[in-house]
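# Coordinate analysis (summary)
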Amino acid sequence: MAHLVTRFDFRAPGYSPEQRSRQFAVALEQAAYVDVQGHTAITLSEHHGSDDGYLPSPLIVASAFAARTTRIPISVAALVVNLYDPIRLAEDVAVLDHLSGGRVTYTIGLGYRPEEYALFGRPWATRARDLEAAVERMFEAWATGLVTPAPLTSPHPVMFYGGGVPAAARRAARLGLHFQPEVADRELKRLYVAECRARGREPGLVLSPPPGPATAFCASDPDEFWAKYGHHLLADALAYRAWIGERDSHVKDSSTTVDELRAAGGYRVFAPEELVEACRSGEVPVITSHPLCGGMPEEPAWESLRLISEVVRPAVE
């Protein structure tokens, strides 16, 4: 059976305030829908100061999603801890843990945009050391009762550390966190496991990106979908490339046109029967849908979610 993950980042270039408000409302409806439909998880991302409206407040949206759902796990990936006061963040995470019944998990990250650090007046040069101090401060606050209430989940909600370099693997082990590498890399996993054991602790989970496309849509007519809506997917790819440059990432794509993007395969639009076969063959073990990707209109976003949920999922269970 394939896992179904639905992702939201609210990037929508050119949206008016009214359009953005509607986008949030649609996302709440879709979160409730995928919860009822038995999807595996919802993922929220975080960035700041982006002119396309990329989500800056994942904890607020996670709270809203938690209120509209009952069973689905919600992942904040990644949470840029250095842009928060660690004590206030510890309080918010603890309260959200209660509101969600322990369903919200976190992937902590350093972030990779100096502009975001500048926006908050945080130092870039010492970011790694600062992050470790902030995480340790949060752990201390929960353990000592400095912040109340304590989290529902003991000793704290599930937390990963995310990154794609050896230092990230070692940092995850040093902080006692699970590890979520940005790319599937056996050496990073080996480093993490070795560092954990060298410190006398059992390794946590290692959650690598699965094979298959980073973003998947389902449409009754994929050719028509690409012709009408491919520019939304291209806008997403271009924006990420402007941020990450040559840095390795599962969202990396060098395409400059819709045709190039379609051929590259990082963004895929499947016909229902094609997606069923891809799941059964193991080509797509995880369907990562991004229904509102790049300001995608409601109609194709809903069509994709419904085909994945009501046609593909029953066929691959």
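Figured I'd write up the structure that's included with this text. Since this is a predicted model, take the numbers as computed values, not measurements. (Residues numbered from 1 in each chain as written. Predicted model: local features only at pLDDT ≥ 70, side-chain atom pairs only at ≥ 80, totals over all residues. Heavy atoms only, no water.)

Using the criterion set out here, one finds twelve aromatic pairs in the structure. Seen from their ring centres, Tyr54 and Trp243 are 5.5 Å apart, and the 50° between their planes marks the pair as tilted. Linking Tyr54 in the loop between β2 (41-44) and α2 (58-68) with Trp243 in helix α8 (residues 222-244), this pair joins segments that are 189 residues apart in sequence. An identical accessibility class is assigned to Tyr54 and Trp243; each is buried. Three or more aromatic residues joined by ring pairs form one cluster here, namely Phe8, Phe10, Phe24 and Phe65. (Phe/Tyr/Trp six-rings, centres within 6.5 Å; stacked < 30°, edge-to-face > 60°. Helix = DSSP H or I, 4+ residues; strand = E, 2+ residues; numbered from the N terminus. Buried < 20%, exposed > 50% of the residue type's maximum accessible area, 1.4 Å probe, protein only.)

Turning next to the pattern of salt bridges. In total, this model carries 19 salt bridges according to the counting rule given. Of the charged contacts in the structure, one is a salt bridge between Asp223 and Arg262, with a shortest N-O distance of 2.6 Å. On the criterion of sequence distance, the pair formed by Asp223 in helix α8 and Arg262 in helix α9 (residues 258-264) is long-range, its members being 39 residues apart. Note on Arg262: relative accessible area 35%, which makes it partly exposed. Connected through salt bridges with shared partners, the residues Arg11, Asp52 and Asp236 form a single ionic network. (Salt bridge = Lys/Arg side-chain N within 4 Å of Asp/Glu carboxyl O.)

In this structure, Leu44, Phe65, Tyr106, Trp142, Met159 and Leu233 are the most contacted members of the largest nonpolar core, which totals 76 residues. In terms of residues, this core owes the most to one element, α8, which gives nine residues. When sequence neighbours within four positions are dropped, the list of residues in contact with Tyr106 reads Leu59, Val76, Leu79, Val93, Leu96, Pro157, Val158, Met159 and Phe160. The next biggest cluster of nonpolar side chains, apart from the first, holds 15 residues, and it includes Ala2, Leu4, Ala216 and Phe270. (Core = buried A, V, L, I, M, F, W, Y, C linked by side-chain atoms within 4.5 Å. Contact = heavy atoms within 4.5 Å.)

What follows is about the packing of helix α1 (residues 17-36) against helix α11 (residues 298-316). At their nearest, the axes of α1 and α11 sit 12 Å apart, and the two run at 10° to each other. Considered as vectors, α1 and α11 are oriented roughly parallel to each other. Contacts between α1 and α11 pair Arg22, Val26, Glu29, Gln30, Tyr33 and Val34 from the former with Glu298, Ala301, Trp302, Leu305, Arg306, Ser309 and Glu310 from the latter. Class assignment of the residues belonging to the contact of α1 with α11 gives a composition of six nonpolar, two polar and five charged. (Axes fitted to C-alpha atoms, helices over the stretch in contact; angles between N-to-C directions. Parallel < 35°, antiparallel > 145°, perpendicular 65-115°, else oblique. Nonpolar A, V, L, I, M, F, W, Y, C, P; charged D, E, K, R; others polar.)

The alternating pattern of strand β9 (residues 286-289) places Val286 and Thr288 on one face and Ile287 and Ser289 on the opposite face, and all of these are buried. Relative to β9, strand β1 (residues 3-8) is paired through four bridges, and the arrangement is parallel. Bridge pairing links His3 to Val286 in β9. (Pairing = 2+ DSSP bridges.)

Taken as a whole, this structure holds zero disulfides when the rule is applied. Cys293 takes part in no disulfide bond, and the closest cysteine sulfur to it belongs to Cys218, at a distance of 16 Å. Judged by relative accessible area, which is 0%, Cys293 ranks as buried. (Disulfide = S-S within 2.5 Å.)

Here the focus is α8. The terminal C-alpha atoms of α8, which comprises 23 residues, lie only 29 Å apart, well short of the 33 Å expected from a rise of 1.5 Å per residue. The backbone nitrogen of Asp223 lies 3.2 Å from a side-chain oxygen of the residue at the head of α8, namely Asp221. One or two steps after α8, the chain reaches Gly245, where phi turns positive at roughly 60°. (Expected span 1.5 Å × (residues − 1). Polar contact = N/O pair within 3.5 Å; in protein donor to acceptor, adjacent residues only side chain to side chain.)

What follows covers unusual backbone geometry. Trans is the common state for peptide bonds, and a negative phi is the common state for residues other than glycine. Residue Ala78 is bonded to the preceding Ala77 through a cis peptide linkage, with omega at 10°. Locating Ala78 in the fold gives a position in strand β3 (residues 74-80). Cis geometry is found at the peptide bond from Ser154 to Pro155, where omega equals 0°. Positionally, Pro155 belongs in the loop between α5 (127-144) and β5 (159-163).

With respect to the helices and strands, Ser309 occurs in helix α11. Exposure remark for Ser309: the relative accessible area of 1% places this residue in the buried category. A distance of 2.7 Å separates the side chain of Ser309 from the side chain of His39, its partner in a polar contact. Separated by 2.8 Å, the side chain of Ser309 and the backbone oxygen of Leu305 make a polar contact. With near-sequence residues (within four places) excluded, Ser309 lies in contact with Tyr33, Gln37, His39 and Pro314.

Any link to function would need more than the numbers given here.
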